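# Fold and geometry: a report
Residues per chain, in single letters:
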Amino acid sequence: MASEDILNEIRARCNIVDIASNYVSLKRAGKNWVGRCPFHEERTPSFTVSQEKQLFHCFGCGEGGDLFSFLMKIEKRTFPETVKLLADSLNISLDVEGDKYSLLYKLNERATRFYSQMLFEKNGEKALSYLLERGINREAIEEFRLGYAPSGFDLLKNHLRKDSSEKEQLTAGLIRQGTKGMFDWVQNRLIFPIADRYGKIIGFGARALDENMPKYINTKETLIYNKSRVLYGLDKATDAIREKKEVILVEGYVDVIMSHQYGFKNVLATCGTALTESHISLIRGADSLVLCFDQDQAGRSATEKSIGLLMKQGKNIDVLLFQKAKDPAELLKNEGEDGFKKAYLEKQEFLEFSLSIASSKNKKDGFNYLLPIIKQIEEPIRRQAFIKDISERLNIDEGIIISSIKGMGPSVSEVIKDRERGILSAEKHLLKLMLEDEEICLWATKEIEPTIFLDPVGMEVFLAMKERLSEEVFSADKLARVVSEPARKLISALLAEATPEGDRYKDAEGYIKTMKERLLKDEIKSLHKEIKEREKRGEDVSSLLSSYQQLAMEVKR
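A brief report on the enclosed structure follows. (Residues numbered from 1 in each chain as written. Predicted model: local features only at pLDDT ≥ 70, side-chain atom pairs only at ≥ 80, totals over all residues. Heavy atoms only, no water.)

## Some details on the pairing of strand E15 (residues 288–291)
- Along E15, one buried face is formed by Ser-288 and Val-290 and the opposite face, lined by Leu-289 and Leu-291, is buried too.
- Taken together, the four bridges between strand E13 (residues 246–250) and E15 define a ladder with parallel strand orientation. Counted as the bridge partner of Ile-248 is Val-290 from E15. (Buried < 20%, exposed > 50% of the residue type's maximum accessible area, 1.4 Å probe, protein only. Helix = DSSP H or I, 4+ residues; strand = E, 2+ residues; numbered from the N terminus. Pairing = 2+ DSSP bridges.)

Below is the structure:
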């Protein structure tokens, strides 16, 4: 486990707003940043990030915490994995022994260097010629670390055997088990190293240079590589995506490389699989997506399927079409930057693209194709305009269309639920003041006992603050690391709320008074019940009545 000093260094050098912006499109709102929560579907942004406190909180689903918590949740990693991920990205040494992930990263890095070297040797001439013929220049080859897997049976295996076993290489997916032993996972193929968001090689794609099929294959899934959860080129596109708030999705590795080579840095591709929700979670920081798939039937089908998935995320969706090339790479090779820009400017809004698809079908099939798309359109004006377009293009009466979709779309209750904001109790208001003001925290811990809290989570936060007041630095982010998950979420929620102006001590006294009154009322209720029970048994209740009257007097003060 990393030391507290290392954790503090990571906190000091990382900005949670920058990290969250890789996954969520954030907009400034006063001191904080807000956007749509990446952990649940919502129409009204309720995800809040505080740069000042380095915490996040969603008022919709209740998720919250610090930058470690955010990455653990969105990347589905453990705390040690998340710390190592951030430490590696900052070149901070953890000196952790026996890390099962480190070995995989190390083997992939060594394999990448081996493949890169092979590309520029005599055996790699054919692979290098293929890349140059496709229009990829030497600079892009080096930037994307392209390589060549030679035809030998075990050249990579022997290269890696110096400091790794066959079992370890097998775990990394770099060799395979055959009837005559272990051998390299591919031979005579062009190699595309696949990196995660932080530039670490996690797997490989390989293209055949002969008649072998399939044409493209990928390394097997490992502890660090899942093709449904990685987008090719993301490590090089993050800054451009953050700046443009837009992603252009293409199909192939070469499409990505050529796009970046010509200056279109916000281009990504899936790694030989259909677009998934996990892919979309990686690019939540983009408001708009442009689908730029191949111009064959498979590409059109992928475009149609992707639109349905993307609509659920509330993204602006366009489709980039071109007639004189089969894919973006060919378009760039033939027409260069200007050709791609022209195609981009002529891109179709997804509703228009969907109407074009529907118009090519018979009336019934076309309308059935459009029905689920209509359902996903939330804005009433936009939906009505689309219904009008459908009516004109398919020659269907608007009344029939409206009748067919009656009841579709978000209900009033769903909208209200998304926008509801609970009012914090006196306990939570007090905890918020304590979290933000160490002097109030010190005073309150002497003024009340933990048992005054009716909410056990609030009591946990109160006790954690009380125990850590003696520390040199009292901070909410450090506090969030030592409490339970419900308590962590409560801390992030309290700090995300705006602090009302006024006399903070007077407010704190008022909250404590309310809490004491609630406690007194509970005691009175319990005492009243005991008096009634004793009276039924004929017992003396004079002392209990005296206590009851004293408590009642305290409540009235």
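Alright, that's what it looks like, and here's the rest.
## Points about the environment of Tyr-130
- Among the secondary structure elements, Tyr-130 is positioned in helix H6 (residues 125–133).
- Here Tyr-130 falls in the buried class, since its relative accessible area comes to 14%.
- Note: C-alpha distance between Tyr-130 and Glu-9 (121 residues apart in sequence) is 46 Å.
- Aside from chain neighbours lying at most four places away, what touches Tyr-130 is Leu-190, Arg-207, Leu-209 and Tyr-216. (Contact = heavy atoms within 4.5 Å.)

## Some remarks on the pattern of salt bridges
- On inspection of all chains with the given rule, the structure shows 24 salt bridges.
- Its salt-bridge partner being Arg-77, residue Glu-75 comes within 3.9 Å of it at the nearest N-O pair.
- Judged by relative accessible area, Arg-77 falls into the partly exposed class, the value being 21%.
- The residue Lys-489 makes a salt bridge to Glu-485 at a minimum N-O spacing of 3.6 Å. Of this pair, Lys-489 and Glu-485 both sit in helix H24 (residues 485–496), separated by four residues, roughly a single helical turn. (Salt bridge = Lys/Arg side-chain N within 4 Å of Asp/Glu carboxyl O.)

## Examining the packing of helix H20 (residues 426–436) against helix H22 (residues 456–468)
- Where H20 meets H22, the closest approach of the two axes is 11 Å, and the angle between their N-to-C directions is 25°. With respect to their mutual orientation, H20 and H22 come out roughly parallel. The two elements H20 and H22 cross, and the hand of that crossing is left-handed. Residues Leu-431, Met-434 and Leu-435 of H20 lie in contact with H22, whose contacting residues are Gly-458, Val-461, Phe-462 and Met-465.
- Looking at the contact of H20 with H22 residue by residue, the class counts come to six nonpolar, one polar and no charged. (Axes fitted to C-alpha atoms, helices over the stretch in contact; angles between N-to-C directions. Parallel < 35°, antiparallel > 145°, perpendicular 65-115°, else oblique. Left-handed = near helix turned anticlockwise from the far one by under 90°. Nonpolar A, V, L, I, M, F, W, Y, C, P; charged D, E, K, R; others polar.)

## Brief notes about the side chain of Arg-488
- Tracing the sequence through the fold places Arg-488 in helix H24.
- Residue classification places Arg-488 among the buried positions, given a relative accessible area of 11%.
- Setting aside anything within four residues of it in sequence, one finds Arg-488 in contact with Glu-63, Gly-64, Gly-65, Ser-69, Ala-480 and Val-483.

## A word on the sheet that holds strand E2 (residues 32–35)
- The antiparallel open sheet is built from five strands, whose spatial order is E1-E2-E3-E4-E5. Looking at the sheet topology across the chains shown, the edges are occupied by strand E1 (27–29) and strand E5 (64–65).
- The strands touched by H24 within the sheet are E2, strand E3 (47–50), strand E4 (55–58) and E5, with E4 carrying the most contacts at an inclination of about 95°.

## Quick word on unusual backbone geometry
- Within the chain, Arg-145 stands out as a residue other than glycine whose phi angle is a positive 55°.
- Position of Arg-145 among the secondary structure elements: in the loop between helix H7 (138–143) and strand E6 (147–149).
- Here Arg-145 falls in the partly exposed class, since its relative accessible area comes to 26%.

## With respect to the packing of aromatic side chains
- Per the counting criterion, the structure on display carries 19 aromatic pairs.
- Between Phe-144 and Tyr-232 the ring centres are 6.0 Å apart and the planes differ by 35°, which places this aromatic pair in the tilted class. Highlighted residues: Phe-144 in the loop between H7 and E6 and Tyr-232 in strand E12 (residues 231–232), separated in sequence by 88 residues. Accessibility classification places Phe-144 together with Tyr-232 in one group, the buried group.
- Relative to Phe-462, the ring of Phe-453 lies with its centre 5.1 Å away and its plane at 45°, an arrangement referred to as tilted.
- On the accessibility criterion, Phe-453 (3% relative accessible area) is buried.
- Feature note: the residues Tyr-23, Phe-39, Phe-47, Phe-56 and Phe-70 constitute an aromatic cluster, connected by ring pairs.
- One Lys or Arg, Arg-197, reaches over the ring of Tyr-23 and ends 4.2 Å from the middle of that ring.
- Seen from the ring of Tyr-369, Lys-361 lies directly overhead, with NZ or CZ sitting 5.5 Å from the centre. (Phe/Tyr/Trp six-rings, centres within 6.5 Å; stacked < 30°, edge-to-face > 60°. Lys NZ or Arg CZ within 6 Å of the ring centre and 35° of its normal.)

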